[in-house]
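Chains, contacts and geometry: an overview
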Amino acid sequence: MNNLNKHRLPPKQLTRALPKSWFNFSTTATLPPIEGMIGQERAMRAVEVGLNITTRGFNIFAVGEAGSGKTSTLERLLKKRAANESVPDDLCYVHNFQSPDQPRPLALPAGKGRVLAREMDRLIAELERMIPRSLSDGAFGHIRTGIIADARKKSDELTRRVGQAAERLELTVVEEGGDFK
């Protein structure tokens, strides 16, 4: 232990006062935030190259120590870049009546996708209210009455034929309910 004391330095010798002329600020609080990541120039160039690739399906994968600033740096870089980009169209998928398992993409100007969804909800609610009323009243009322009369006529004919067949077999047919509305 005695040998170590001989090499021990006092705290004053462990620090170095730098000349104030070396700095153009009085406190680091006045400095702008650092852009990019210190010591990661190559990685930042790779990100820039990746962002300039417009091929569909290309991704950027960032790896590094937790807390190293990679996520905040990338977010800041992407926000700055997005501010100069046009806002992409909304992509809405709508029902494909020819192939129900394959919805059709519909590109709309940015923000119009939500408007379409809201309007479709209103349309569906309106149709759910109006279709039953339309089918029971007005122009469709006589069509409905004709369909019911035709069904009743066919039902009566079938009942008569079943009754005749049952009579030949010495059976009795008993009807219950089943009236058309």
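What this report covers is the structure whose coordinates are included nearby. Keep in mind the model is a prediction, meaning the values are calculated, not measured.

Cut-off values and rules
Residues numbered from 1 in each chain as written. Predicted model: local features only at pLDDT ≥ 70, side-chain atom pairs only at ≥ 80, totals over all residues. Heavy atoms only, no water. Phe/Tyr/Trp six-rings, centres within 6.5 Å; stacked < 30°, edge-to-face > 60°. Buried < 20%, exposed > 50% of the residue type's maximum accessible area, 1.4 Å probe, protein only. Helix = DSSP H or I, 4+ residues; strand = E, 2+ residues; numbered from the N terminus. Polar contact = N/O pair within 3.5 Å; in protein donor to acceptor, adjacent residues only side chain to side chain. Contact = heavy atoms within 4.5 Å. Patch = residues over 30% accessible without salt bridge, like charges linked within 9 Å, V, L, I, M, F, W, Y side chains within 5 Å. Areas by Shrake-Rupley, 256 points an atom, 1.4 Å probe, with all protein chains shown as cover. Salt bridge = Lys/Arg side-chain N within 4 Å of Asp/Glu carboxyl O. Axes fitted to C-alpha atoms, helices over the stretch in contact; angles between N-to-C directions. Parallel < 35°, antiparallel > 145°, perpendicular 65-115°, else oblique. Left-handed = near helix turned anticlockwise from the far one by under 90°. Nonpolar A, V, L, I, M, F, W, Y, C, P; charged D, E, K, R; others polar. Expected span 1.5 Å × (residues − 1). Arc of directions from axis to C-beta.

1. Thoughts on the packing of aromatic side chains
One pair of aromatic rings is described through two measures. These are the centre distance and the angle between the planes. Scanning the model with the defined rule gives 1 aromatic pair in all. Ring plane angle 65 degrees and centroid distance 5.5 Å describe the contact between Phe 23 and Phe 25, whose orientation is recorded as edge-to-face. We classify Phe 25 as partly exposed; its relative accessible area is 28%.

2. Details of the side chain of Asn 96
Among the structural elements, Asn 96 can be located in the loop between β1 (90-94) and β2 (104-108). Within the structure, Asn 96 has its side chain in polar contact with the backbone nitrogen of Gln 98 (distance 3.0 Å). Within the local environment of Asn 96, its side chain forms a polar contact with the backbone nitrogen of Ser 99, the two atoms lying 3.1 Å apart. In contact with Asn 96, not counting residues within four places along its chain, are Gln 102, Pro 103 and Arg 104.

3. Quick look at a nonpolar patch on the surface
A cluster of nonpolar side chains, Met 120, Leu 123, Leu 127, Ile 131, Leu 135, Phe 140, Ile 143 and Ile 147, forms an exposed patch at the surface whose accessible area comes to about 720 Å². Those elements that provide at least two residues to the nonpolar patch are α5 (112-136) and α6 (138-168). Ranked by residue count, the leading element in the nonpolar patch is α5, at 5 residues. Relative to the assigned elements, Phe 140 resides in helix α6. For Phe 140, a relative accessible area of 43% translates into the label partly exposed.

4. So, the packing of helix α3 (residues 41-51) against helix α4 (residues 70-82)
Relative to each other, α3 and α4 sit at 40 degrees, their axes nearing to 12 Å. Taken as axis vectors, α3 and α4 run oblique relative to one another. For the pair α3 and α4, the sense of crossing is right-handed. Residues Met 44, Val 47, Glu 48 and Leu 51 of α3 lie in contact with α4, whose contacting residues are Thr 73, Leu 74, Leu 77, Leu 78 and Arg 81. Residue classes in the contact of α3 with α4 are distributed as 6 nonpolar, 1 polar and 2 charged.

5. Structural notes on the pattern of salt bridges
Counting across every chain of the model gives 5 salt bridges. Note that Arg 122 is salt-bridged to Glu 119, the shortest N-O span being 3.0 Å. A residue pair is termed a helical-turn pair when its members lie 3 or 4 positions apart in one helix, as Arg 122 and Glu 119 do in helix α5 at 3 residues. Assessed through its relative accessible area of 39%, Glu 119 is described here as partly exposed.

6. Here we look at α4
For α4, spanning 13 residues, the distance from its first C-alpha to its last is 18 Å, which sits close to the expected 18 Å at 1.5 Å a residue. For α4, the full list of buried residues reads Lys 70, Thr 73, Leu 74 and Leu 77. Buried residues along α4 cover an arc of 95 degrees about the axis, so they all sit on one side. Where α4 is buried, its residues touch α3.

7. Digging into the environment of Gly 113
Its place among the elements puts Gly 113 in helix α5. With relative accessibility at 10%, the residue Gly 113 sits in the buried group. In contact with Gly 113, not counting residues within four places along its chain, are Asp 90, Cys 92 and Leu 108.

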